[in-house]
Amino acid sequence: MSDLAELRVKLAMSSRMLFNAGLVDYSGHISVRIPGSDHLLILPHPVSRATVKPDEMVITDFEGKLIEGKYKAPSEVNMHARAYKARSDIQSVAHLHNHMVATLSMVDKPFYPATSNPGAFFGPGPLPKYMDPALIHTIEQGDAVAKALGKADAVMLRGHGSMVVADSIEWVFAGCVDLEEAAARFYKASLLGPVLVYSEDETQRVMKQRRRDSVVQKLWDHNVAKTKLAGLMDGI
Ligand SMILES: [Zn+2]
């Protein structure tokens, strides 16, 4: 299987896994940089995230222009495109309308690392927040989201959701799962009293234990199994 064919398969798998985990519904998308090019591979706009097939993925450039594919790209493709343009270390991007992160983004209160497993991929300091609630349709808006992301692994989009970035599809998938779980725990804990947020030293020590390929692979394999059990991996 060629590299591109393998990326198409992994992207379709991860989309169905995000759907099965309740992290995307009819919208939300994941993409991957095509190595050695100024192009990205992303889910098409109209196809269900629960059933998308490898050969339905579309290719765009870093200005969001469709290069190849029988469908149009998602309307927020420039969020992905400009993240790749801004940071050469980013190999995969996901945009989610994830419920708990979107909820936390709606309050004027920082979302700090405060839970180890999962949720240890973020920090130190609070998760950055992009304040404009409009959808990301232009290159300029995509650049502004990339600027708000800075060097972080994820950015909250106020009243909207989040963008998660990493150097592989597997790490982005793990980041999506962990971020939503961390947000759910943070929300529940904050109802009980002031949250005992991690100090920078605590965050670093926990991240050292948790930021491992073996942990990410375990999370990936578990979700492959769960998604197969749900009958959502047919045709891949
Ligand atoms: Zn969106």
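Our structure is the block above this text.
Residues numbered from 1 in each chain as written. Predicted model: local features only at pLDDT ≥ 70, side-chain atom pairs only at ≥ 80, totals over all residues. Heavy atoms only, no water.

(A) Inspection of the packing of helix H1 (residues 3-20) against helix H5 (residues 169-192) at higher detail. Two elements in contact, H1 and H5, have axes whose closest approach is 10 Å; the angle formed by their N-to-C orientations is 10 degrees. Here H5 runs roughly parallel to H1, going by the angle between their axes. On H5, the residues touching Leu-7, Lys-10, Leu-11, Ser-14, Met-17 and Leu-18 of H1 are Ile-169, Glu-170, Phe-173 and Cys-176. (Axes fitted to C-alpha atoms, helices over the stretch in contact; angles between N-to-C directions. Helix = DSSP H or I, 4+ residues; strand = E, 2+ residues; numbered from the N terminus. Parallel < 35°, antiparallel > 145°, perpendicular 65-115°, else oblique. Contact = heavy atoms within 4.5 Å.)

(B) Broad picture of the sheet that holds strand E4 (residues 66-68). Taken in spatial order, the eight strands make up an open sheet running E4-E3-E2-E1-E5-E8-E7-E6, and their pairing is mixed. If you trace the sheet from one side to the other, it starts and ends with E4 and strand E6 (129-130), each paired once. Pairing between E6 and strand E7 (residues 154-157): two bridges, direction parallel. Paired with Lys-129 across the strands is Met-156, a residue of E7. Each of strand E1 (29-33), strand E2 (39-42), strand E3 (58-61), strand E5 (92-96), E7 and strand E8 (161-166) is contacted by helix H2 (residues 77-86), which is oriented at about 150 degrees to E5, the strand it contacts most. (Pairing = 2+ DSSP bridges.)

(C) Geometry of the nonpolar core. Core analysis: the largest hydrophobic core is formed by 46 residues, its most contacted members being Leu-18, Ile-30, Leu-41, Phe-111, Cys-176 and Leu-179. Counting residues per element, the ones that place at least two in this core are H1, E1, E5, helix H3 (99-105), E7, E8, H5 and helix H7 (213-229). Among the elements that line this core, the one with the most residues is H5, at 11 residues. Apart from residues lying up to four places away in sequence, Leu-18 is in contact with Leu-23, Val-24, Ile-30, Leu-96, Phe-173 and Cys-176. In this structure, Ile-90, Leu-149, Val-155 and Val-165 belong to the second largest nonpolar core, which totals 20 residues. (Core = buried A, V, L, I, M, F, W, Y, C linked by side-chain atoms within 4.5 Å. Buried < 20%, exposed > 50% of the residue type's maximum accessible area, 1.4 Å probe, protein only.)

(D) Geometry of the packing of aromatic side chains. In this structure the tally under the stated criterion is four aromatic pairs. Here the aromatic rings of Phe-121 and Trp-171 are separated by 5.5 Å at their centres, their planes lie at 40 degrees, and the arrangement is tilted. With Phe-121 in the loop between H3 and E6 and Trp-171 in helix H5, this pair connects stretches of sequence that are 50 residues apart. Across the pair, Trp-171 and Phe-121 agree in class, each one buried. (Phe/Tyr/Trp six-rings, centres within 6.5 Å; stacked < 30°, edge-to-face > 60°.)

It is worth stressing that arrangement in space is one thing and function is another; only the former is reported here.
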